[in-house]
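# Structural overview
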Amino acid sequence: MSKLIDGKQISASVKERVRQEVSALRARGVSVGLAVIIVGEDPASKIYVANKKKACEALGILSTEYALPAETTEEELLSLIDRLNRDSGVNGILCQLPLPRHLNEKNILRAIAPEKDVDAFHPQNVGRIMIGDYDFVPCTPAGIMEMLAHEQIEVTGKRCVVIGRSNIVGKPMAMLLLHHNGTVTICHSKTENLREITKTADILVAAVGRAKFVTADMVKEGAVVIDVGMNRVDGKLFGDVDFDAVAPKASAITPVPGGVGPMTIAMLMQNTLTAAKRQAGISGDSL
Ligand code: NAP
């Protein structure tokens, strides 16, 4: 029987670590602040933003929400970002995606100062991940690496297969596994013989966005299976993995909900703390 990788428990330990560091910083007169921008009324985005705010409050991070109307112009949004970039009380800035269609996502993400880019979407931070010299990693892949480390799952030398090549999950995930000496294959919608590739994986990461996409016949006996998917079907949340069928074959597997999801917010808190430490000239773990 496979081991269930408990994202709730691991994220709680990450958040506790962050809470203690935030408190130690405060004792030195350094506060940690996150600005969260949301444009429009997307209900899912509103829930994500509320959860981020709640996590900040629990950890002693000052969060400020900028809820802008859907008709906000690009100029107005860029002007807010410029103001936040120059505000020394703001250590991290995130702009909740997706943005309304009339706003150019690339322009907005590029406008956030790289040292405050706690989502790690700015091209400079993306490039730094490529060369393995980074402060921030997108929160979901960062959370997955944290889970693997917590579970003492060795990546070195392992065959890793990532299904999905998005800039937010698939690509940075593959780069992190590569930096940890995995032998990495990235699959996508044009991949031929997908099953033959996924069956070679010691570590299989599914970031597809299709409920129960990964079936038991796609998984090697004893594989570690990480399910990133969050798919709502008839109001119920499903991962990208057919959990009931795959779990008996896997050596370890993440559930949905309660797996990768909780890790994402925990790593956002971690990135915000890192930003504050860098801006205060405090390096590494030294406090
Ligand atoms: P995305 O941008 O839509 O990317 C999906 C990827 O899956 C694409 O690269 C696509 O290939 C690939 N794909 C689609 N159909 C496929 C098929 N039949 N065979 C192989 N590959 C296929 O999605 P995303 O932002 O990476 O998110 C993926 C999933 O993770 C979603 O369910 C999302 O909700 C979830 N998610 C969860 C968290 C969390 O915190 N748990 C965070 C972010 C995302 P092409 O590139 O060829 O189109």
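In the block above lies the structure referred to throughout.
Heads up: these notes are all about the structure in this document. This one's a predicted model, so the numbers in the text were calculated from it and none came from an experiment.

Rules and cut-offs
- Residues numbered from 1 in each chain as written.
- Predicted model: local features only at pLDDT ≥ 70, side-chain atom pairs only at ≥ 80, totals over all residues.
- Heavy atoms only, no water.
- Helix = DSSP H or I, 4+ residues; strand = E, 2+ residues; numbered from the N terminus.
- Expected span 1.5 Å × (residues − 1).
- Buried < 20%, exposed > 50% of the residue type's maximum accessible area, 1.4 Å probe, protein only.
- Contact = heavy atoms within 4.5 Å.
- Pairing = 2+ DSSP bridges.
- Axes fitted to C-alpha atoms, helices over the stretch in contact; angles between N-to-C directions.
- Near = heavy atom within 4 Å.
- Polar contact = N/O pair within 3.5 Å; in protein donor to acceptor, adjacent residues only side chain to side chain.

### Focus on helix H6 (residues 139-150)
In this model H6 runs 16 Å from its N-terminal to its C-terminal C-alpha over 12 residues, within 8% of the 16 Å that 1.5 Å per residue would give. Of all 12 residues in H6, 10 are buried, a share of seventy percent or more. Within the span of H6, buried status applies to Cys-139, Thr-140, Pro-141, Ala-142, Gly-143, Ile-144, Met-145, Glu-146, Met-147 and Leu-148. On the buried face of H6, the contacting elements are helix H1 (7-27), helix H7 (170-179), strand E7 (203-206), strand E8 (224-227) and helix H10 (260-279). Looking one or two residues past H6, Gln-152 carries a phi angle of roughly 55°, positive in sign.

### Looking at the sheet that holds E8
The parallel open sheet is built from 6 strands, whose spatial order is E1-E11-E8-E7-E5-E6. Looking at which strands have only one partner, the edges of the open sheet turn out to be strand E1 (3-4) and strand E6 (183-187). In terms of strand pairing, E7 meets E8 through 4 bridges, oriented parallel. What sits directly across from Val-205, in E8, is Ile-226. Along the sheet, H7 makes contact with strand E5 (159-163), E6 and E7, crossing E5 at roughly 170°.

### Here's the deal with the site of the ligand
The local shell around the ligand holds 21 residues, among which Arg-165, Ser-166, Ser-189, Met-230 and Thr-264 are the closest. Note that an oxygen atom of the ligand is positioned 2.5 Å from one of the side-chain N or O atoms of Ser-189. Within the side chain of Thr-264, one N or O atom sits 2.7 Å away from an oxygen atom of the ligand. It is H10 that provides the largest number of residues to the shell around the ligand, a total of 3 residues.

All quantities given are derived from atomic positions and should not be read as evidence of function.
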